[in-house]
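For reference, the chains in residue letters:
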Amino acid sequence: MMKMKNRWKRLIIQTMAAILCNANFKGFAESKIYTGKSKMMCVPGLNCYSCPGAVGSCPIGALQAVLGGRDYSFAYYVVGLLLFFGVIFGRLICGLLCPFGFIQDLLFKIGTPKIKVPKRLDKALRFVKYGMLLIPVFLLPIFLTNQFGMASPYFCQWVCPVGTLEGGIPLITYHESLRQMIGFLFHWKVSLLVLTVVLSILIYRPFCKYVCPLGAFYSLLNRFSFYQMQVDRTKCNKCKACERVCKMNVEITKNINSLECIRCGECKDACNKGAIYSGFLHIRKKNRY
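Keep in mind that this is a model prediction, so the values were computed, not measured.

A.B. asks: Quick question: what am I supposed to make of the overall build of the protein here?
C.D. replies: On a plain count of helices and strands, the protein comes out with 17 helices and two strands. Radius of gyration (C-alpha) of the protein: 20 Å, near the 19 Å computed for a compact globule of 289 residues. Here the C-alpha coordinates of the protein stretch approximately 65 × 45 × 40 Å along the principal axes. Counting only residues that meet the buried cut, the protein has 47% of its 289 residues in that class. Put simply, of all contacts in the protein between residues at least 6 apart along the chain, 75% involve residues at least 24 apart. On the protein, roughly 15,300 Å² of surface is accessible, and the fraction owed to carbon and sulfur atoms is 69%. Charged side chains in the protein number 38 positive and 12 negative. The centres of these two groups are separated by 7 Å.

A.B. asks: When you look at the packing of helix α6 (residues 99-108) against helix α12 (residues 184-202) in this model, what are you seeing that I'm missing?
C.D. replies: Helix-helix packing: each pair is described by the crossing angle between the helix axes and the interaxial distance. Two numbers describe how α6 lies on α12: the axes approach to 7 Å, and their chain directions differ by 55°. As far as their axial angle goes, α12 and α6 are oblique. Taken as a pair, α6 and α12 cross one another with a handedness that is right-handed. Every residue of α12 that contacts α6 at Phe100, Gln104, Leu107 and Phe108 is listed here: Thr196, Val197, Ser200, Ile201 and Leu202. Tallied by class, residues from the contact of α6 with α12 come to six nonpolar, three polar and no charged.

A.B. asks: Which parts of the structure should I look at to understand the pairing of strand β1 (residues 227-231)?
C.D. replies: Consecutive residues of a regular strand have side chains that alternate between opposite faces of the sheet. By the criterion of burial, β1 is predominantly enclosed, with five of the five residues buried. Side chains Tyr227, Met229 and Val231 of β1 all project onto a buried face; the interleaved residues Gln228 and Gln230 project onto the opposite face, where all are buried too. With five bridges connecting them, β1 and strand β2 (residues 276-280) associate as antiparallel partners. From the neighbouring strand, glutamine 228 faces β2, where its bridge partner is glycine 279.

A.B. asks: In this structure, what is going on with the packing of aromatic side chains? I would like to understand it.
C.D. replies: A complete count under the given rule lists seven aromatic pairs for this structure. Consider the rings of phenylalanine 84 and phenylalanine 85, whose centres lie 6.1 Å apart with planes at 55°: the pair is tilted. Residues phenylalanine 108 and tyrosine 204 carry aromatic rings whose centres are separated by 5.4 Å and whose planes lie at 80° to one another, so their mutual orientation is edge-to-face. Separated by 96 residues along the polypeptide, phenylalanine 108 in helix α6 and tyrosine 204 in the loop between α12 and α13 (206-210) bring together distant segments of the chain. For the pair phenylalanine 108 and tyrosine 204, a shared accessibility class is recorded, and that class is buried. Three or more aromatic residues joined by ring pairs form one cluster here, namely Phe89, Tyr227 and Phe280. Sitting over the face of the ring of phenylalanine 108, lysine 114 holds its NZ or CZ atom 4.5 Å from the ring centroid. It is lysine 247 that lies over the ring of tyrosine 204; its NZ or CZ is 5.5 Å from the centre.

A.B. asks: Help me out: how do you make sense of the nonpolar core in this one?
C.D. replies: Side chains that are nonpolar tend, in soluble globular proteins, to be buried together. Grouped together as the largest cluster of nonpolar side chains are 53 residues, with contacts concentrated most on Leu46, Phe155, Tyr218, Ile252 and Ile276. Contributions of two or more residues to this core are made by α3 (59-68), α4 (72-89), α5 (92-97), α6, α8 (128-143), α14 (213-219) and β1. Once residues lying within four places of it in the same chain are set aside, the contact partners of isoleucine 276 are Met229, Gln230, Val231, Cys242, Ile252, Ile256, Cys267, Lys268 and Cys271.

A.B. asks: Hey, could you run me through a positive patch on the surface in this one?
C.D. replies: Judged by side-chain charge, Lys116, Lys119, Lys123, Arg233, Lys238 and Lys240 come together as a positively charged surface patch. Here lysine 123 shows up in helix α7 (residues 119-125). Looking at lysine 123, the relative accessible area reads 59%, which means it is exposed.

A.B. asks: What is the right way to read α3 from this model?
C.D. replies: Because the α-helix completes a turn every 3.6 residues, residues three or four places apart line up on one side. Counted residue by residue, α3 has nine buried out of 10 residues, so it is predominantly covered. Those residues of α3 that sit buried are Pro59, Ile60, Gly61, Ala62, Leu63, Gln64, Val66, Leu67 and Gly68.

A.B. asks: Would you explain the confidence of the model for the protein in this entry?
C.D. replies: The predicted structure's coordinates, where accompanied by low pLDDT, should not be read in detail. Per-chain confidence: the protein averages 91 in pLDDT, with 94% of residues scoring 70 or above. Element-level mean pLDDT values for the protein span from 84 in helix α11 (residues 176-179) up to 98 in α13. Scored below 50 in pLDDT, residues 283-289 makes 24 contacts in the model with residues more than four places away or belonging to other chains.

Rules used in this analysis
- Residues numbered from 1 in each chain as written.
- Predicted model: local features only at pLDDT ≥ 70, side-chain atom pairs only at ≥ 80, totals over all residues.
- Heavy atoms only, no water.
- Helix = DSSP H or I, 4+ residues; strand = E, 2+ residues; numbered from the N terminus.
- Rg over C-alpha atoms; globule rule 2.2 N^0.38 Å.
- Buried < 20%, exposed > 50% of the residue type's maximum accessible area, 1.4 Å probe, protein only.
- Contact = heavy atoms within 4.5 Å.
- Areas by Shrake-Rupley, 256 points an atom, 1.4 Å probe, with all protein chains shown as cover.
- Lys, Arg positive; Asp, Glu negative; His and termini not counted.
- Charge placed at Lys NZ, Arg CZ, Asp CG, Glu CD.
- Axes fitted to C-alpha atoms, helices over the stretch in contact; angles between N-to-C directions.
- Parallel < 35°, antiparallel > 145°, perpendicular 65-115°, else oblique.
- Left-handed = near helix turned anticlockwise from the far one by under 90°.
- Nonpolar A, V, L, I, M, F, W, Y, C, P; charged D, E, K, R; others polar.
- Pairing = 2+ DSSP bridges.
- Phe/Tyr/Trp six-rings, centres within 6.5 Å; stacked < 30°, edge-to-face > 60°.
- Lys NZ or Arg CZ within 6 Å of the ring centre and 35° of its normal.
- Core = buried A, V, L, I, M, F, W, Y, C linked by side-chain atoms within 4.5 Å.
- Patch = residues over 30% accessible without salt bridge, like charges linked within 9 Å, V, L, I, M, F, W, Y side chains within 5 Å.
- Salt bridge = Lys/Arg side-chain N within 4 Å of Asp/Glu carboxyl O.
- pLDDT = per-residue confidence, 0-100.

What follows is the structure, encoded as structure tokens:
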């Protein structure tokens with residue numbers, strides 16, 4: 001009963017977070033991008049600036065824009081905001097507050113046979129998201145510029161399926177002038193979106209695991225964030241029920257605050273001994289790890 005209650009609680013939080021990030025309902029009706037003052041702020045999760053309902057900016061898109069535009073003072077603000085989110089929550093943002101993470105959760109619930117990625121391949125693919133963070137998000141906007149010293153938002157433009165789903169498709173559907181401009185780039189991005197959707201049905205959160213640069217950034221702060229997960233070794237009997245239910249493949253009894261843990265709470269619900277704890281500023285006692 002408690003497990004179902006926690007799952008419903010998480011579903012409600014994810015739904016509310018997605019609604020709050022896209023609360024400009026008028027934008028969906030008119031298919032116009034909101035440009036109010038709240039767009040100066042970044043939301044914690046991955047949510048496209050160009051989504052007609054978006055009331056805040058995507059942190060990855062904002063970071064590329066300021067790095068590519070050489071507005072380093074504003075870049076400090078964006079990085080500072082990301083550090084603030086990461087230090088407080090870590091990858092709890094991925095598990096509860098990211099709209100695209102929520103979409104992947106819903107897709108995985110579709111009743112089809114699932115694919116288990118071989119452990120060695122899975123481990124190798126996990127490093128891709130750090131490459132995405134380093135190269136298209138940070139390095140390319142700084143070094144690959146045009147004659148005016150400006151750079152494209154390379155990750156958003158060439159990789160991110162969120163912009164295609166939330167911004168590209170709604171705007172092109174509504175505006176005929178945009179449909180006349182469709183070319184290779186749009187078809188490429190739609191192909192990546194279709195691939196992401198199909199994989200999300202078969203594999204749990206493939207974009208989060210292997211591609212997302214925002215998840216990569218937050219993962220680096222997972223171990224140091226105010227929100228922590230802990231295992232009480234005096235209660236844990238090493239049955240590993242928690243690890244069997246973990247869809248992110250975290251070795252919970254060894255390192256519960258792994259880079260890959262999105263703090264979804266599934267392991268906590270699975271533990272019949274009540275050995276797993278979570279919360280803010282949780283004090284580490286000598287009998288916990």
